[in-house]
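# Analysis of the macromolecular model
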Number of protein chains: 2
Amino acid sequence: MNDIEQLKADYAELIIKEGLNIQKGQRLVINCPVECADFARLCTDAAYSAGCREVLVRWSDDYLTRARFLHAENDVFDHVDPWDTAFLDGVSEEGAAWLAVHAENPANLNGVDPDRINRYQIARGKATEKFRQREMTNYFPWCVCSVPTGAWAAAVFPDMEKEDAILKLWEEILKACLVDGGNAVENWHKHSDELHRHVEMLNEYNFRYLHYKNAAGTDLMVELPEGHFWAGGNENTQGGVQFSANIPTEEVFTLPKRDSVNGKIVASKPLVHNGNIISNFYFIVKDGRIIEAHAEEGDEILKAAISVDEGASYFGEVALVPYDSPISESGILFLNTLFDENASCHFAFGEAYPCLKGTDGKSEEELKAMGVNFSMTHVDFMIGTRDLSITGIRHDGTEVPVFVNGNFAF
Amino acid sequence: MNDIEQLKADYAELIIKEGLNIQKGQRLVINCPVECADFARLCTDAAYSAGCREVLVRWSDDYLTRARFLHAENDVFDHVDPWDTAFLDGVSEEGAAWLAVHAENPANLNGVDPDRINRYQIARGKATEKFRQREMTNYFPWCVCSVPTGAWAAAVFPDMEKEDAILKLWEEILKACLVDGGNAVENWHKHSDELHRHVEMLNEYNFRYLHYKNAAGTDLMVELPEGHFWAGGNENTQGGVQFSANIPTEEVFTLPKRDSVNGKIVASKPLVHNGNIISNFYFIVKDGRIIEAHAEEGDEILKAAISVDEGASYFGEVALVPYDSPISESGILFLNTLFDENASCHFAFGEAYPCLKGTDGKSEEELKAMGVNFSMTHVDFMIGTRDLSITGIRHDGTEVPVFVNGNFAF
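Remember, predicted model here, so these are calculated numbers, not experimental data. (Residues numbered from 1 in each chain as written. Chains lettered and ligands numbered in written order. Predicted model: local features only at pLDDT ≥ 70, side-chain atom pairs only at ≥ 80, totals over all residues. Heavy atoms only, no water.)

## Let's talk about the overall build of chain A
Check the secondary structure of chain A and you find 13 helices and 20 strands. For chain A, the C-alpha radius of gyration of 20 Å lies close to 22 Å, the compact-globule estimate for 410 residues. Expressed as a percentage of its 410 residues, the buried residues of chain A come to 59%. Considering only contacts within chain A whose residues lie at least 6 apart along the sequence, 76% involve residues at least 24 apart. Carbon and sulfur atoms provide 46% of the accessible area of chain A, an area that totals close to 16,100 Å². (Helix = DSSP H or I, 4+ residues; strand = E, 2+ residues; numbered from the N terminus. Rg over C-alpha atoms; globule rule 2.2 N^0.38 Å. Buried < 20%, exposed > 50% of the residue type's maximum accessible area, 1.4 Å probe, protein only. Contact = heavy atoms within 4.5 Å. Areas by Shrake-Rupley, 256 points an atom, 1.4 Å probe, with all protein chains shown as cover.)

## Notes on the state of the cysteines
Residue and element names in this part refer to chain B. Applying the stated criterion across every chain, the model contains zero disulfides over all chains. Take Cys 355: it sits in no disulfide, and the sulfur closest to it among the cysteines is that of Cys 345, at 16 Å. In this structure Cys 355 comes out as buried when scored by relative accessible area, which is 5%. (Disulfide = S-S within 2.5 Å.)

## Some points on the confidence of the model for chain A
A residue-level look at chain A finds 100% of positions with pLDDT of 70 or above and a mean pLDDT of 96. Reported confidence for the predicted complex is 0.94 by ipTM and 0.95 by pTM. (pLDDT = per-residue confidence, 0-100.)

## With respect to the environment of Lys 269 of chain A
Residues and elements named next belong to chain A. Topologically, Lys 269 is positioned in the loop between strand S11 (261–266) and strand S12 (271–273). According to the relative accessible area criterion, Lys 269 is buried, its value standing at 17%. When neighbours within four sequence positions are excluded, Lys 269 is seen to be in contact with Phe 281, Ile 332, Leu 333, Asp 340, Ala 343, Ser 344 and Met 382.

## Considerations on the nonpolar core
Core analysis: the biggest nonpolar cluster contains 267 residues, and Tyr 11 and Phe 283 of chain A together with Tyr 11 and Phe 283 of chain B have the highest contact counts within it. The contacts of Tyr 11 of chain A, once residues within four sequence positions are left out, are Phe 39, Cys 145, Ser 146, Val 147, Trp 170, Ile 173, Leu 174, Cys 177, Val 179 and Ile 247 of chain A. (Core = buried A, V, L, I, M, F, W, Y, C linked by side-chain atoms within 4.5 Å.)

## Here's the deal with the interface of chain B and chain A
A common way to express how large an interface is: the accessible area buried when the components associate. Between chain B and chain A, the contact holds 32 residues from the first and 32 residues from the second. Inspection of the region where chain B meets chain A yields 10 salt bridges. Between Arg 27 of chain B and Asp 81 of chain A there is a salt bridge whose closest N-O contact spans 3.0 Å. Joining chain B to chain A, the criterion identifies 12 residue pairs in polar contact (both at pLDDT 80 or more). Mapped by element, the contributors of at least two residues to the side of chain B that touches chain A are helix H2 (37–49), strand S2 (54–60), helix H3 (62–71) and helix H4 (82–93) of chain B. Considering every element that reaches the side of chain B that touches chain A, the biggest residue donor is H2 of chain B, with six residues. Residues of the side of chain B that touches chain A, tallied by class, amount to 17 nonpolar, five polar and 10 charged. (Salt bridge = Lys/Arg side-chain N within 4 Å of Asp/Glu carboxyl O. Polar contact = N/O pair within 3.5 Å; in protein donor to acceptor, adjacent residues only side chain to side chain. Nonpolar A, V, L, I, M, F, W, Y, C, P; charged D, E, K, R; others polar.)

## Overview of the sheet that holds S2 of chain B
Residue and element names in this part refer to chain B. With respect to topology, four strands assemble into an open sheet ordered S2-S1-S3-S4, the strand pairing being parallel. Edge positions in the sheet fall to S2 and strand S4 (142–145), since each of these pairs with one other strand and no more. Adjacent strand axes in the sheet meet at a mean angle of 15°, parallel and antiparallel pairs treated alike. Here strand S1 (residues 27–33) pairs with strand S3 (residues 97–101) via four bridges, running parallel. Across the sheet, the residue bridging to Val 29 is Trp 98, located in S3. (Pairing = 2+ DSSP bridges. Axes fitted to C-alpha atoms, helices over the stretch in contact; angles between N-to-C directions.)

## What about helix H6 (residues 129–136) of chain B?
Residue and element names in this part refer to chain B. For H6, the full list of buried residues reads Phe 131, Arg 132, Arg 134, Glu 135 and Met 136. At its buried positions, H6 is contacted by H4, S3, helix H5 (114–127), S4 and strand S17 (378–382). Among the residues trailing H6, Asn 138 stands out with phi positive, at a value near 55°.

## Points about the relation of the copies chain B and chain A
The operation relating chain B to chain A is a screw motion whose rotation component is 180°, with 0.0 Å of axial translation and a residual RMSD of 0.0 Å. Expressed as an axis order, the relation between the two copies is that of a two-fold axis. A share of 100% of the interface residues of chain B reappears at the interface of chain A, consistent with the copies meeting face to face through the same patch. (Least-squares fit on C-alpha atoms with pLDDT ≥ 70 in both.)

## What about the packing of aromatic side chains?
Residues and elements named next belong to chain B. Here the structure, examined in full by the defined rule, presents 52 aromatic pairs over all chains. Consider the rings of Phe 69 and Phe 77, whose centres lie 5.1 Å apart with planes at 10°: the pair is stacked. The two residues Phe 69 and Phe 77 agree in class, both being buried. On the basis of an interplanar angle of 35° and a centroid distance of 6.0 Å, the ring pair of Phe 349 and Phe 381 is categorised as tilted. Of this pair, Phe 349 sits in strand S16 (residues 346–350) while Phe 381 sits in strand S17, and the two are 32 residues apart along the sequence. You can call Phe 349 buried: its relative accessible area is 0%. (Phe/Tyr/Trp six-rings, centres within 6.5 Å; stacked < 30°, edge-to-face > 60°.)

## Some thoughts on the sheet that holds strand S10 (residues 252–254) of chain B
Paired through their backbone hydrogen bonds, the strands of a sheet run either parallel or antiparallel. Residue and element names in this part refer to chain B. Across the sheet, which stays open at both edges, the five strands sit in the order S7-S10-S15-S16-S17 with antiparallel pairing between neighbours. Strand pairing shows two members of the sheet lacking a second neighbour, strand S7 (231–232) and S17, which therefore form its edges. Inspection of the sheet shows strand S15 (residues 315–320) paired to S16 by four bridges, in the antiparallel sense. Residue pairing in the sheet places Ala 319 in a bridge with His 346 of S16.

## Quick notes on the pattern of salt bridges
Note that side chains of opposite charge can pair when their charged atoms are close. Within the structure shown, the criterion is met by 42 salt bridges over all chains. Arg 53 of chain B is the salt-bridge partner of Glu 73 of chain A, the closest N and O atoms lying 3.0 Å from each other. Within this pair, whereas Glu 73 of chain A is found in the loop between helix H3 (62–71) and helix H4 (82–93), its partner Arg 53 of chain B is found in the loop between H2 and S2, the two belonging to separate chains. Here Lys 168 of chain A and Glu 172 of chain A are joined by a salt bridge, their closest N and O atoms 3.0 Å apart. Pair noted here: Lys 168 of chain A and Glu 172 of chain A are both in helix H8 (residues 162–176), with a separation of four residues, about one helical turn. Relative accessible area serves as the criterion here: at 25%, Lys 168 of chain A is assigned to the partly exposed category. According to the relative accessible area criterion, Glu 172 of chain A is buried, its value standing at 7%.

## Some points on the packing of H3 of chain B against H5 of chain B
Residues and elements named next belong to chain B. One can describe the packing of H3 onto H5 by two numbers: an axis separation of 9 Å at closest approach and a directional angle of 110°. Judged by the inter-axis angle, H3 sits roughly perpendicular to H5. In this structure, H3 contributes Arg 68, Phe 69, Leu 70 and His 71 to the contact, and H5 contributes Arg 116, Ile 117 and Tyr 120. Partitioning the contact of H3 with H5 into residue classes produces four nonpolar, one polar and two charged. (Parallel < 35°, antiparallel > 145°, perpendicular 65-115°, else oblique.)

## Some words on the pairing of strand S13 (residues 276–286) of chain B
The side chains of a regular strand alternate between the sheet's two faces. All names here are of chain B. Bridge analysis of strand S11 (residues 261–266) against S13 gives four bridges, and the strand direction is antiparallel. When the bridges of S13 are listed, Lys 264 appears paired with Ile 284. The sheet contact formed by strand S12 (residues 271–273) and S13 spans three bridges and is antiparallel. Within the sheet, the bridge partner assigned to Leu 271 lies in S13 and is Ile 278. The loop that links S12 with its antiparallel partner S13 comprises two residues; one of these, Asn 274, has a positive phi angle of about 50°. Pairing between S13 and strand S14 (residues 289–297): seven bridges, direction antiparallel. If you follow Ser 279 over to S14, its bridge partner there is Glu 297.

This is the structure:
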């Protein structure tokens, strides 16, 4: 095995051990593009070595996805086959580990009828409700990672030959994931510990508001619900098994209070969503709800995204990432949310991660009253800039600088 | 598109139009190795052009299949997930077209515990009963085709470089399927008509027995049930849509009378079954049942194959293929039943194709009494040789040479 091949195997092992922490006797579901079959095989080997009961792979293919959206009969986008739901319900109920190898042509669905995309997202959202609820509450360990495809690498490095672009993207991914040929698992632990230090400080401050401001036009007041807590790095499943939902990750995050976000928020990077690129966009938010959205590119896709259900126009995540984070410093626009969100402060519209104490046994209505947003969607979008300032306001009114010039003030 | 790429697209179109005869509004399921994704994409394009409602792809991968058999927990081989059965039951019930792109490393499961393979085949057999019954009775159109994988091509042409072997195998496949750069669909129709001429003659003779004999030791008397008919080339679904279950195909076939096959039958080519190569084998058959089986290579796999259920040790198909058929004349051992069976007279042990008049509304017991064999398996094995003679014996005792020196006598 040459160097890069060994590093890929190290990455797969990191994902299986730290990302999912596969337990003996547990099944693993890998979601992976057919183009990345080699990587699915590496993950499979690592999983069986860790005592995995059985590996199931759900393959995808950009070409077939696009062909379906372009050419299938119009009403297929209103349905999900019952066996697909049965699969998701079944594997999530048993607590199988869930790996998503996210790698797609960022513009794969460019030119597709947005109504088809939207209807299918709604149909899938309804059909996958149980599964998503279990995922958002860490009922099972899940991990999102990425490996290059030809089309994705070409979009990131348009001036390179295909093979060079793929290799370059591999190198950047491995670097971002701290897979350096040493002990990737050890590196990851150290990194996770660093994130936990920020988590602890933020939890100690227990801010009531965060006030975002920059020269691009962002001026947003975000209330954090009573009882919120920050998270980041390794997390725990409901059963107490430590895992890491994103590899790489640079963020610490919590949820905003559903109906108390106000002002204007301007995106700082393009957002790849539903196979389309949305760029140069902003939201006006009033009492938590996005009341105005505008994008120079992908406006129709953006407006559809915040309209799939009521909760899609409310926020579900507040995440802090230093402007000087290693991924950000690469200067690369990855056109892949896993990387771009970890290079930038971001929010998500849609479903909230329930980073809130005292939620046990509460109904959806009760949780909503506590400030938790519910939706079938959860879309991160990047807002970090070099001049971003975030001021924390405590319950006693004290103001504390949280971000100054795009980076943590503490 | 260069020549070979155009021919591949022609092959895909042939499969969609003649193999499956996709109807407007019908769904298509493609079963395909991830390594052959390009071909699945060609078939998908052809299907949507033909008005297909939606294409679903079930991907497979030799590496993952082998890893599972080697490393998964022991009891997974006794189970099939309920959503897998629901999928097969669902798509078959709606009459979706079914394409199997059969391409595997012939020795993919070499060294795997045969007990695991056997238990899994039994579990799958039970879980797919409804689906298989619908397939065997042409409730939906189905087609088996093949395209090269690297491992398969290397097994067929062990002395060639991988890329050369793949190209050579492509050329042989395209030739066997009459895809010559002219009108592949037209060629196929003509070929199917030729097969129908043999079908008509055999049906007219309405033989009671076929007596097989050659120097290799074959001496087998096969009774054909009353009301049997021969088939070959294009067939019809229950709904009356013409399709072709194998591309290529050179065979005409019917079913033997379940309990009236007697003698010895010697295989003339290796059989690839459950990822293992079985070679130099023979069966002793008494009153329809295989009472002795022996293989120089793969003996354990062979014995397991005829033991998955009671019907596995009875025959379910009698097929005639001239020794001078084009595929046979290539002189290539394909190590893939789709090709090898179409280069050689063959039988199958296991489930019978119900090539029998008056079966409508009959119970399994009644059909068994008529001579139909039932099993969860159906495995073709090759017995044609250059010196094979087959004598037909009519109900009045008249003898008619059917095969002389390996070829049709008429």
